[in-house]
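# Analysis of the macromolecular model
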Amino acid sequence: MARVKTMPRAFINGVNLYYEEAGDAVPMIFVHEFAGEAKSWEPQVRFFRRRYRTITFNARGYPPSDVPEDPAAYSQRQAVEDIRGILDHLTIDKAHVIGLSMGGYAALHFGLLYPERALSLVIAGAGYGSKPEERDTFRRDCAALAERFEREPMEQVAAIYAMGPARVQFRDKDVQGWEQFCDLLKQQSAQGHALTMRRVQMMRESIYELGDRMARLTVPTLIVTGDEDEPCLEPALYMKRTIPTAGLLVIPRSGHAVNLEEPDLFNRQVLDFVAAVEAGRWTPRNRASVSRSAILPADWQS
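The notes below deal with the structure included here. The structure displayed is predicted, hence computed values, not measured ones.

Conventions and cut-offs
Residues numbered from 1 in each chain as written. Predicted model: local features only at pLDDT ≥ 70, side-chain atom pairs only at ≥ 80, totals over all residues. Heavy atoms only, no water. Core = buried A, V, L, I, M, F, W, Y, C linked by side-chain atoms within 4.5 Å. Buried < 20%, exposed > 50% of the residue type's maximum accessible area, 1.4 Å probe, protein only. Helix = DSSP H or I, 4+ residues; strand = E, 2+ residues; numbered from the N terminus. Arc of directions from axis to C-beta. Contact = heavy atoms within 4.5 Å. 1 Å grid on protein atoms, 1.4 Å probe; cavity = no way out; pocket = protein on both sides within 12 Å on 5 of 7 lines; lining within 4 Å. Points joined across faces, edges and corners; volume = space filled by probe spheres on them. Pairing = 2+ DSSP bridges.

With that settled, consider the nonpolar core. The biggest cluster of nonpolar side chains holds 38 residues, and the ones touching the most others in it are Ile 29, Ile 86, Leu 108 and Met 239. Considering each element in turn, this core owes the most residues, six residues, to helix α3 (residues 102-113). Residues Ala 59, Leu 145, Cys 182 and Met 197 belong to the second largest nonpolar core, which totals 28 residues.

Quick look at the structure:
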């Protein structure tokens, strides 16, 4: 019988992290976005728990996980170590790692740092603030938002954040689902969000700064983006072109929270991906597909 556990904690680098697991068989861990939490993956857990052992958790700063007051407790590297810590706590050697946005960055870095621990990577909605011409504006906006989290009620700031240019697509499609997303965000910690914004979002590397490392990545990878998630479109294409084992899924008429906006499409595509990986059919890109000519083989001689 499939097991379901609720409210357990994993003690990782001095911080208690809340996690849930459901189902059996091959492990699959989900890493949430800045505006999410473990419950943000419910459509995926309900789908995948029938075939996999699903693990979700709340990042540090997201109750019921601890909210450390020390800014040094938050970083991109620490987000990666928290994934590893959860897997170690559950004595899991390898897992499919699926992340959205902030979680997508963490999934990518996990694959770069611990490729031997990842069966595959799903990197969705990753790339905010990566474009060189947008770096300064992104960091300025992050600082302004962090300040608002520090001095205004969480409900007030969450309501503004949920109306961002890559969030309105979700509201237009599914008002009830979007309202549930808003309600979860409003219940979270303003302090945790401020610290996460300052120490993780603002300080992380651009996707374009990871090119050399991504070019050596051999873990099977699926890049996912909504076609109206403007800050992530070019970074997604860059990752596809740079990671030898990457495929790219662009979901039409969709914004940032693609797993919630289009859960059926997201689930089926991820299932097809992991099934191909497990069958040994997700292989590196055929280099013959890369040519200076649109129609002639790369080694063609005139």
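Among all positions in helix α10 (residues 230-242), only Cys 232, Pro 235, Ala 236, Met 239 and Thr 242 are buried. With its buried residues spanning 130 degrees around the axis, α10 presents them on a single face. The elements touched by buried residues of α10 are α3, β7 (118-124), α9 (211-214), β8 (221-226) and β9 (246-251).

Let's shift gears to unusual backbone geometry. Note that the residue after Pro 63, namely Pro 64, is joined by a cis bond; omega there is 10 degrees. Structurally, Pro 64 can be placed in the loop between β5 (53-57) and α2 (76-89). Phi is positive for Arg 253, close to 50 degrees, though the residue is something other than glycine. A relative accessible area of 62% means that Arg 253 is categorised as exposed.

Here Gly 85 lies in helix α2. Here Gly 85 falls in the buried class, since its relative accessible area comes to 12%. Measuring from C-alpha to C-alpha, the distance between Gly 85 and Leu 17 comes to 9.4 Å, with 68 residues separating the pair along the chain.

A few words now on the layout of surface pockets. One number sums up the size of the largest pocket: a volume of about 630 Å³. The wall of the largest pocket is formed by 25 residues, among which Tyr 128, Phe 138, Asp 141, Tyr 161 and Pro 165 lie closest to the centre. For the lining of the largest pocket, the secondary structure elements donating two or more residues are α4 (135-151), α5 (154-161), α8 (190-201) and α10. Residue contributions to the lining of the largest pocket peak at five residues, all from α4. There is about 320 Å³ of room inside the second largest pocket.

Sheet faces and side chains relate simply in a regular strand, where the side chains alternate between the two faces. Burial within strand β4 (residues 27-31) is extensive, with five of its five residues counted as buried. Because side chains alternate across β4, one face comprises the buried residues Pro 27, Ile 29 and Val 31, and the other comprises Met 28 and Phe 30, equally buried. In the sheet, β4 pairs with β5 via four bridges, with the strands oriented parallel. Across the sheet, residue Ile 29 finds its bridge partner in β5, namely Ile 55. Two elements, β4 and strand β6 (residues 95-100), share four bridges in a ladder whose sense is parallel. Across the sheet, residue Val 31 finds its bridge partner in β6, namely Gly 99.

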